[in-house]
Amino acid sequence: MASIGEELRRERQRRGFTLEQVEDVLHIKVAYLHALEHNEFNYIPGSIYTKGFIKNYSEFLGIDSRRMVDAFKNSIGESLTIPKRRVSAKGQDKSDIGREQDILEEPKQRLTYQGRRARRQRTLMKERIILAVLVLIIILFLGWLFFV
């Protein structure tokens, strides 16, 4: 399997882009793009920037960005799972509090326009009902205050 940099460089060249053109689109310095393509990740300040650059660059080139970022994480020895802290009850012995790791789940699909519209309509209906109940309570209170 090709390294991260080789794959990025090969796809960029296949699509006919220069590093300067990629810089203009992604706003990533040519020096950082060059470092990515030559697997010189230590020239990029911080692994979080490196992950972001790899993600943006691979999405721009049409490569699976999640696979590329996971490959980078593997190369630096970072876990692909999210550590979670176990919560214990108040009286429970704290010696058994450990760490669990859950595998990352696929991101949720975004709502379609119709889905967002339907959700908004349900929210508006709830708001109208609450407002009507509040107005009714105020009218009843004022009626009781002035007529009783």
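Note that the coordinates shown come from a computational prediction; the quantities given were computed from them, not determined experimentally.

Rules used throughout
Residues numbered from 1 in each chain as written. Predicted model: local features only at pLDDT ≥ 70, side-chain atom pairs only at ≥ 80, totals over all residues. Heavy atoms only, no water. Salt bridge = Lys/Arg side-chain N within 4 Å of Asp/Glu carboxyl O. Helix = DSSP H or I, 4+ residues; strand = E, 2+ residues; numbered from the N terminus. Buried < 20%, exposed > 50% of the residue type's maximum accessible area, 1.4 Å probe, protein only. pLDDT = per-residue confidence, 0-100. Contact = heavy atoms within 4.5 Å. Core = buried A, V, L, I, M, F, W, Y, C linked by side-chain atoms within 4.5 Å. Axes fitted to C-alpha atoms, helices over the stretch in contact; angles between N-to-C directions. Parallel < 35°, antiparallel > 145°, perpendicular 65-115°, else oblique. Patch = residues over 30% accessible without salt bridge, like charges linked within 9 Å, V, L, I, M, F, W, Y side chains within 5 Å. Areas by Shrake-Rupley, 256 points an atom, 1.4 Å probe, with all protein chains shown as cover. Polar contact = N/O pair within 3.5 Å; in protein donor to acceptor, adjacent residues only side chain to side chain.

## Quick look at the pattern of salt bridges
Tallied over the full model, the rule gives 6 salt bridges. For Arg67, the salt bridge goes to Glu7, with nearest N and O atoms at 2.5 Å. Residue Arg67 is found in helix H5 (residues 65–76), and its partner Glu7 is found in helix H1 (residues 4–15); the two are separated by 60 residues along the sequence. For Glu7, a relative accessible area of 18% corresponds to the buried category. One salt bridge connects Glu59 with Lys55, and the closest N-O pair in it is separated by 3.1 Å.

## Re the confidence of the model for the chain
A residue-level look at the chain finds 80% of positions with pLDDT of 70 or above and a mean pLDDT of 84. With pLDDT under 50 throughout, residues 96–100 is counted as low confidence; its partners more than four residues away or in other chains account for 12 contacts.

## Examining the nonpolar core
Counting 19 residues, the largest nonpolar core has Ile4, Leu8, Leu36, Ile54 and Tyr57 as its most contacted members. Listing elements by their share of this core, those giving two or more residues are H1, helix H2 (19–26), helix H3 (30–37), helix H4 (47–61) and H5. With 4 residues, H4 is the largest single contributor of residues to this core. With sequence-adjacent residues up to four places away left out, Ile54 is seen in contact with Ile4, Leu36, Phe41, Met68, Val69 and Phe72.

## Section: the packing of H1 against H5
In contact at an axis separation of 10 Å, H1 and H5 are set at 150° when each is read in the N-to-C sense. As judged from the angle between their axes, H1 and H5 are roughly antiparallel. Facing Ile4, Glu7 and Leu8 of H1, the residues of H5 in contact are Arg67, Met68, Ala71 and Phe72.

## So, a nonpolar patch on the surface
Taken together, the side chains of Ile138, Phe141, Leu142, Trp144, Leu145, Phe146, Phe147 and Val148 present a nonpolar region at the surface, about 990 Å² in accessible area. Judged by its relative accessible area of 48%, Ile138 is partly exposed.

## Observations regarding the environment of Arg14
With respect to the element layout, Arg14 can be found in helix H1. Considered as a pair, Arg14 and Leu61 are 47 residues apart in the sequence and their alpha carbons are 9.7 Å apart. Engagement of the side chain of Arg14 in a polar contact is seen with the side chain of Glu11, the distance being 2.6 Å.

## Here's the deal with H3
Because an α-helix completes one turn every 3.6 residues, residues spaced three or four positions apart along the sequence face the same direction. When H3 is considered as a whole, its buried residues turn out to be Leu33, Ala35, Leu36 and Glu37. Looking at the packing, one finds that the buried side of H3 touches H1, H2 and H4.

## Side note on the environment of Glu7
Placed 51 residues apart in sequence, Glu7 and Ser58 show a C-alpha to C-alpha distance of 9.2 Å. Beyond its immediate stretch of four places on either side in the chain, Glu7 contacts Ala2, Ile63, Arg67 and Met68.

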